[in-house]
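Examining the three-dimensional arrangement
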Amino acid sequence: MTGLIHHIELYVSNLKKSNEFWGWLLEELGYKLYQDWDKGKSWKLGDTYIVFVQTEERFLDIPYHRSRVGLNHIAFHASSRDQVECLTEQLKTRGVSMLYMDKHPYAGGENYYAVFFEDPDRIKVEIVAPPE
C-alpha cells in the first residue's frame, strides 16, 4: 500500500452543489458515502476516499481555475467504453458542462477513450475506459 493515495480533500465553493454532483458521480463509479458532517462529506472506494469541504467565506474571493498553480484535473477509471458512454449521456442530461465534445471520445488521443467535463467549481474531471 506504500505510495497509494490515502485520500484527496477538495475545498468547494458550494457544498450542496458539490455534494449533489460528486455524490452521484462517485456512487456511479462504485464509491460509498464514508463521512458526513455540517461542513463536508466524503466517499470511499477501497482504501481511498475523496473529501469535499465547504470553503470559508473569507477565501471565496478568488475562484478556482485549473490553469493556475495547483490541481489541473482528476481522472477516474471506467469499467468499459459502455460505462463511459452511459456516464456521458447522464452528464449531458444533468446539464453538466462538457469539455472537448467535438473530439469525443478521443479527445485524449486516438487510443484514449474518455469523457471530459467540469464539476460545479469548474474542476476538470475525466472518466477513462480501459484499453481494448
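**A closer look at the pairing of strand S3 (residues 40-45)**
Taken together, the 5 bridges between strand S2 (residues 32-37) and S3 define a ladder with antiparallel strand orientation. Within S3, the position partnered with lysine 32 by the bridge is lysine 44. Linking S2 back to S3 in an antiparallel pair, the connection comprises 2 residues.

**Overview of the nonpolar core**
Counting residues in hydrophobic clusters, the biggest one holds 28 residues, and the most contacted among them are Trp22, Leu25, Leu26, Phe52, Phe76, Phe117 and Ile127. Sorting elements by how many residues they give to this core places helix H1 (residues 15-28) first, with 6 residues. Leave out the neighbours within four places in its chain, and tryptophan 22 touches Glu27, Phe52, Ile74, Phe76, Asp119 and Val125.

**Here's the deal with helix H2 (residues 81-93)**
Between its first and last C-alpha, H2 extends 19 Å over 13 residues, near the 18 Å set by a 1.5 Å rise per residue. In the core, the buried residues of H2 are packed alongside H1, strand S6 (98-99), strand S7 (114-118) and strand S8 (124-128). Between a side-chain oxygen at the N-terminus of H2 and the backbone nitrogen of aspartate 82 the separation is 3.3 Å; the capping residue is serine 80. Glycine 95 occupies a position one or two residues after H2 and carries a positive phi of about 75 degrees.

**Looking at the environment of lysine 44**
Locating lysine 44 in the fold gives a position in strand S3. In the structure, lysine 44 is positioned 14 residues away from glycine 30 in sequence and 8.6 Å away in space, judged by C-alpha atoms. The residues contacting lysine 44, other than those within four sequence positions of it, are Gly30, Tyr31, Lys32, Tyr34 and Tyr49.

**Regarding the sheet that holds strand S1 (residues 7-12)**
An order of S1-S4-S3-S2 is seen for the 4 strands of this open sheet, with the pairing classed as mixed. Each of the sheet's edge strands pairs with one partner strand only, and the pair in question is S1 and S2. Between one strand and the next, the sheet's axes are offset by a mean angle of 15 degrees, whatever the strand orientation. Relative to the sheet, H1 contacts S1, S3 and strand S4 (48-54), its axis offset from that of S4 by approximately 165 degrees.

**Re unusual backbone geometry**
Looking along the chain, the bond that leaves histidine 104 and enters proline 105 is cis, with omega of 5 degrees. Within the secondary structure, proline 105 is located in the loop between S6 and S7. The backbone of tyrosine 100 sits at a positive phi, close to 60 degrees, despite the residue not being glycine. With respect to the helices, strands and loops of the structure, tyrosine 100 is situated in the loop between S6 and S7. We classify tyrosine 100 as partly exposed; its relative accessible area is 35%. We note that arginine 122 has phi near 70 degrees; this positive angle belongs to a residue other than glycine. Inspection of the secondary structure puts arginine 122 in the loop between S7 and S8. A residue is classified by how much of its surface remains accessible, and arginine 122, at 46% relative accessible area, is partly exposed.

**Thoughts on the pairing of S4**
Counting buried positions over the 7 residues of S4 gives 5, a clear majority of the element. Summarising the sheet, S3 and S4 pair through 6 bridges and their orientation is antiparallel. Pairing of tryptophan 43 across the sheet is with isoleucine 50, part of S4. Connecting S3 to the antiparallel partner S4 that follows it, the hairpin turn spans 2 residues, and glycine 46 within it adopts a positive phi of roughly 65 degrees.

What counts and how
Residues numbered from 1 in each chain as written. Predicted model: local features only at pLDDT ≥ 70, side-chain atom pairs only at ≥ 80, totals over all residues. Heavy atoms only, no water. Pairing = 2+ DSSP bridges. Helix = DSSP H or I, 4+ residues; strand = E, 2+ residues; numbered from the N terminus. Core = buried A, V, L, I, M, F, W, Y, C linked by side-chain atoms within 4.5 Å. Buried < 20%, exposed > 50% of the residue type's maximum accessible area, 1.4 Å probe, protein only. Contact = heavy atoms within 4.5 Å. Expected span 1.5 Å × (residues − 1). Polar contact = N/O pair within 3.5 Å; in protein donor to acceptor, adjacent residues only side chain to side chain. Axes fitted to C-alpha atoms, helices over the stretch in contact; angles between N-to-C directions.

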